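# Commentary on secondary and tertiary structure
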Amino acid sequence: MDNKIAVLTNTYHGFTLDEALNGIAAAGFRYVELAAVRGWTEHVSSDMTDAQIEEVKQKLASLGLTAIGMSGHCNLMEEERLDDFRKNIELASKLGCQYIISSTGEAHFGRGESFSDEILAKHLKDLVPELERYHMTMVLEVHGEYGTGESLYKVTRMVDSPHVAINYDTANVVFYGGKYPEEEIKCCVGDVKYVHLKDKAGEMKEWNFPGVGSGNLKLKKFMEYMDSEGYTGPYSIEIEYTEDFCMRDKKPEDLAVANKAVKDSYDYLRSIGRI
């Protein structure tokens, strides 16, 4: 019950970082996961100068927020992308994060990618020295071709490093893996060190990810199971709305929609004693 509860700024895809941080703090949250996803949500970036990084840190401090993780997705199957990810590890460290999150392939718009447990494990092992240097834990997200915790557990066991673990996304396991989180988690819980707490509405393959507590998933049951297994890592809320709302350019009035979804999520978690 002492888990830190954060909000991933990708919840504010299409909005500025300031708008995201203001909304998250106003809702009552005290922790954030910063989005640094090239070509998608670049709220922070490895191209930032030290002065720009300091500005972000000062903004966080002014709102009483702490960055605990950074979403720095890269295609880890491609060796040439590993240097990009190394830069993201350094950025996450400069921002004070303990965790860096990545999917195995591109987070969005990946085309023609090939996947291999052996290649992925090799590339992850190549990143371990950098993770050790910055005292960082890398967590692989349930996403895409690795749409279940079970599939990622095979890889993390091959890597066998305390610096490489699983980010269990409670809605992605439904959308990509066709499984329900309260049951599927049981096969991999020992390697889960981070959770994207995301709800799911509509059909299994429908892009419909509302605020936490507004969908169909048994998230309270899921969290109670994690308690029983001694999970003490963070929960990071991610809201991706409907496909239309997520993908289109945002209008000024859309910010109120995002802020309400974040506040509703806070109120739900407070109602079940999580905050």
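Quick note: structure is the one above.
Scope of this entry: the structure provided in the associated data block.

### Regarding the overall build of the chain
If you tally the helices and strands in the chain, you get ten helices and ten strands. On C-alpha atoms alone, the chain measures out to a radius of gyration of 17 Å, which is about the 19 Å that the 2.2 N^0.38 rule sets for 275 residues. Sorting the 275 residues of the chain into buried and exposed places 56% on the buried side. Contacts spanning at least 24 positions in sequence make up 78% of the contacts within the chain whose residues lie at least 6 apart.

### A word on helix H3 (residues 82-94)
In this model H3 runs 19 Å from its N-terminal to its C-terminal C-alpha over 13 residues, within 8% of the 18 Å that 1.5 Å per residue would give. What H3 keeps buried is the set Leu 82, Asp 84, Phe 85, Asn 88, Ile 89, Leu 91 and Ala 92. All buried residues of H3 fall inside an arc of 165 degrees around its axis, so they share one side. Summarising the contacts, the buried residues of H3 are in contact with helix H2 (50-62), strand S3 (66-71), strand S4 (99-102), helix H4 (117-133) and strand S5 (137-141).

### Remarks on empty space enclosed by the protein
Enumeration according to the criterion identifies one cavity of 30 Å³ or more in this entry. Taken together, Asn 10, Thr 11, Tyr 12, His 13, Ile 239, Glu 240, Tyr 241, Cys 246 and Lys 250 make up the lining of the largest cavity. The residue inventory of the lining of the largest cavity, partitioned by class, reads four nonpolar, three polar and two charged.

### Examining the environment of Leu 60
On the secondary structure map, Leu 60 appears in helix H2. On the basis of relative accessible area, Leu 60 is assigned to the buried category, the value being 4%. For Leu 60 and Gly 149, which are 89 residues apart along the polypeptide, the C-alpha to C-alpha distance reads 32 Å. Ignoring sequence-local partners within four residues, the contact set of Leu 60 consists of Leu 21, Val 32, Leu 65 and Ala 67.

### As for the layout of surface pockets
Each pocket or cavity is described by its volume, and for the second largest pocket that value is around 190 Å³. Lining the second largest pocket are 14 residues, with Ala 36, Arg 38, Ser 45, Ser 46 and Asn 88 sitting closest to its centre. When its residues are assigned to classes, the lining of the second largest pocket shows four nonpolar, four polar and six charged.

### Let's talk about the nonpolar core
Counting residues in hydrophobic clusters, the biggest one holds 84 residues, and the most contacted among them are Phe 29, Val 44, Met 70, Leu 76 and Met 226. Excluding residues within four positions of it along the chain, Met 70 makes contact with Glu 33, Leu 34, Ala 36, Val 44, Asn 88, Leu 91, Ala 92, Leu 95, Cys 97, Tyr 99, Ile 100 and Ile 101. Counting five residues, the second-largest nonpolar core is a separate cluster that includes Ile 101, Val 139, Ala 165 and Tyr 194.

### Observations regarding the pairing of S3
Remember that side chains alternate between the two faces of the sheet whenever the strand is regular. The buried count for S3 comes to five of six residues, which makes it a mostly enclosed element. Pairing of strand S2 (residues 31-35) with S3, which is carried by five bridges, proceeds in the parallel orientation. Paired with Tyr 31 across the bridge in S3 is Thr 66. With H2 bridging S2 and its parallel neighbour S3, the resulting β-α-β unit is right-handed. Across three bridges, the pairing between S3 and S4 is parallel. Bridged to Gly 69 within S4 is Tyr 99. Crossover S3 to S4 through H3 is right-handed.

### Looking at the packing of aromatic side chains
Under the definition given, this model contains ten aromatic pairs. Judged by centre distance (4.9 Å) and plane angle (90 degrees), the rings of Phe 175 and Tyr 176 are edge-to-face. Residue classification places Phe 175 among the buried residues on the basis of a relative accessible area of 12%. On the basis of relative accessibility, which here comes to 29%, the residue Tyr 176 falls in the partly exposed class. Ring pairs connect the aromatic residues Phe 175, Tyr 176, Trp 207 and Phe 209, which therefore count as one cluster. The lysine or arginine in question, Lys 186, covers the ring of Tyr 225, its NZ or CZ lying 5.8 Å from the ring centre. Residue placement shows Lys 200 over the ring face of Phe 209; its charged tip is 5.7 Å from the ring centre.

The rules behind each value
- Residues numbered from 1 in each chain as written.
- Predicted model: local features only at pLDDT ≥ 70, side-chain atom pairs only at ≥ 80, totals over all residues.
- Heavy atoms only, no water.
- Helix = DSSP H or I, 4+ residues; strand = E, 2+ residues; numbered from the N terminus.
- Rg over C-alpha atoms; globule rule 2.2 N^0.38 Å.
- Buried < 20%, exposed > 50% of the residue type's maximum accessible area, 1.4 Å probe, protein only.
- Contact = heavy atoms within 4.5 Å.
- Expected span 1.5 Å × (residues − 1).
- Arc of directions from axis to C-beta.
- 1 Å grid on protein atoms, 1.4 Å probe; cavity = no way out; pocket = protein on both sides within 12 Å on 5 of 7 lines; lining within 4 Å.
- Points joined across faces, edges and corners; volume = space filled by probe spheres on them.
- Nonpolar A, V, L, I, M, F, W, Y, C, P; charged D, E, K, R; others polar.
- Core = buried A, V, L, I, M, F, W, Y, C linked by side-chain atoms within 4.5 Å.
- Pairing = 2+ DSSP bridges.
- Right-handed = clockwise from strand over helix to strand, strands pointing away.
- Phe/Tyr/Trp six-rings, centres within 6.5 Å; stacked < 30°, edge-to-face > 60°.
- Lys NZ or Arg CZ within 6 Å of the ring centre and 35° of its normal.

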